[in-house]
Amino acid sequence: MSRADIEISEVGPRDGLQSIAAIMATEDKKRWIAALAASGLREIEVGSFVPASVLPQLADTAEIVRYARTIPGLTVAVLVPNLRGAQDAIAAGAHKLTIPLSVSETHSLKNLRRTHEQVLQEVRGIRALLDQLPPEQRPSFEGSLSTCFGCTLEGPVAEDSVLRLGEALLASGCDEIGLSDTTGYGNPVQVRRLIRKVWSHLGRDSLHGIHLHNTRGQGLANVLAAVEAGITTVDSSMGGIGGCPFAPGASGNIVTEDLVFLLEAMGYSTGVDIDRLMQAREVLAAALPDEPLFGFVPDAGVPKGFQYAGSESPVLA
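All residue numbers refer to positions counted from 1 along the written sequence of the respective chain. Per-residue local features of the predicted model are confined to residues with pLDDT of at least 70, and side-chain atom pairs are confined, for both listing and counting, to 80 or more; whole-chain, interface and lining totals are unaffected and use all residues. Remark: hydrogens and water are excluded; side-chain values derive from all non-hydrogen atoms of the structure.

Q: Go over the sheet that holds strand β8 (residues 233–236), please, and point to the residues and values.
A: If you trace the eight strands once around the closed barrel, you get β1-β2-β3-β4-β5-β6-β7-β8, paired in parallel fashion. Direction aside, the axes of adjacent strands within the sheet are offset by 30 degrees on average. For two strands to be treated as a pair, DSSP must find no fewer than two bridges joining them. Segments assigned H or I by DSSP are reported as helices when at least four residues long, segments assigned E as strands when at least two residues long, and all are numbered from the N terminus. Relative to β8, strand β1 (residues 7–10) runs parallel, the two being bridged by four bridges. When the sheet's bridge partners are listed, isoleucine 8 is paired in β8 with valine 234. Every angle, taken between N-to-C directions, lies between 0 and 180 degrees, and every axis is a line fitted to C-alpha atoms, over only the stretch in contact when it is a helix.

In structure tokens, the structure reads:
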């Protein structure tokens, strides 16, 4: 892969908000998503189609999807736990659906209240639903392999299980799979090895993206390993907010602001403007004044002479 064009998928409006007690007002969400898109982020996971009784923070996801669809050039992504969620997501107009399948079945039962086979049955139902749509109207469909590097409930997770379930997701109808370090277990050697195993067993087109947490301080190191292995999409959350509410200790999403700086400084183009990203952070901070926001770049700023990838002009700092 050439040293360019790493897509950052912003997951704060979904993974970030679902894990905090505060409920962001719908109009604040719209302002935040608009500001994120204005910074150059081209894919944003704006919510999840789960019952409001389970995640009241995301009860307005259908309205948020419809709004986000009005932003030119933005890929509107959502998480769906089942066929019903997919039906609602399609009705709202989402461009991308992601269904999580936890490699740890204990976590699957906690997170979705479904066994592996029950999740795969939902995948088959969603595939059948998508196939009824005209090709140009079909959202892309990803199966996210959660807890694929380890689980706080079960402990280590076998890589052969990741490969087996990844193959099952593809066979059941997912367009691609993603790897998710739900609980922050992964290390760079493990990340690099698992990516290569997936590509070797399932083909290069089976995997493009990865979702990593910074729970134990390995987040950006794991990003580096993933990108140098050839991954082209990396999830992150503004301010590092969020985690998984159904996995004890699964805190610490990667900070989008720090990720953009890392990639651009290394020569990987993200298309994201850091100054505008900071403006989006201000929108988030104003909407959730009691929520701690993390990140080194927001505190320190970019260094003097910093250049975006492909730019010959330094950013004045």
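Q: Got a sec to walk through the packing of aromatic side chains? Specific residues and values, please.
A: Any two of the Phe, Tyr and Trp rings considered here, Trp counted by its six-membered ring, make a pair once their centres fall within 6.5 Å; the pair's planes then place it as stacked at under 30 degrees, edge-to-face at over 60, or tilted in between. Counted according to the given criterion, the structure contains two aromatic pairs. Centre to centre, the rings of phenylalanine 261 and phenylalanine 306 are 5.2 Å apart; their planes meet at 40 degrees, and the pair counts as tilted. Taken together, the residues span a long stretch of sequence, with phenylalanine 261 in helix α10 (residues 256–266) and phenylalanine 306 in the segment after α12 (297–300) at a distance of 45 residues. Here a set of aromatic residues connected by ring pairs shows up, and it is made of Phe261, Phe306 and Tyr308. Taking NZ or CZ as reference, arginine 204 lies 3.8 Å from the ring centre of tryptophan 199, over its face. By definition here, charges over rings are those cases where NZ of Lys or CZ of Arg is within 6 Å of the ring centre and within 35 degrees of the ring normal.

Q: Can you tell me about the pattern of salt bridges, naming the residues and giving the values?
A: Note on definitions: salt bridges are taken to be side-chain nitrogens of Lys or Arg within 4 Å of carboxyl oxygens of Asp or Glu. By the definition in use, this model includes 14 salt bridges. Between glutamate 117 and arginine 124 there is a salt bridge, with the nearest N and O atoms lying 2.4 Å from each other. For aspartate 175, the salt bridge goes to arginine 127, with nearest N and O atoms at 3.2 Å. Of this pair, aspartate 175 sits in the loop between α7 (159–172) and β6 (176–180) while arginine 127 sits in helix α6 (residues 116–131), and the two are 48 residues apart along the sequence. A simple rule labels every residue: compare its accessible area, found with a 1.4 Å probe on the protein chains alone, to the largest value its type can have, and call it buried under 20%, exposed over 50%, or partly exposed in between. The exposure class assigned to arginine 127 is buried, which follows from its relative accessible area of 15%. Through salt bridges with shared partners, one network takes in Arg14, Asp15 and Glu45.

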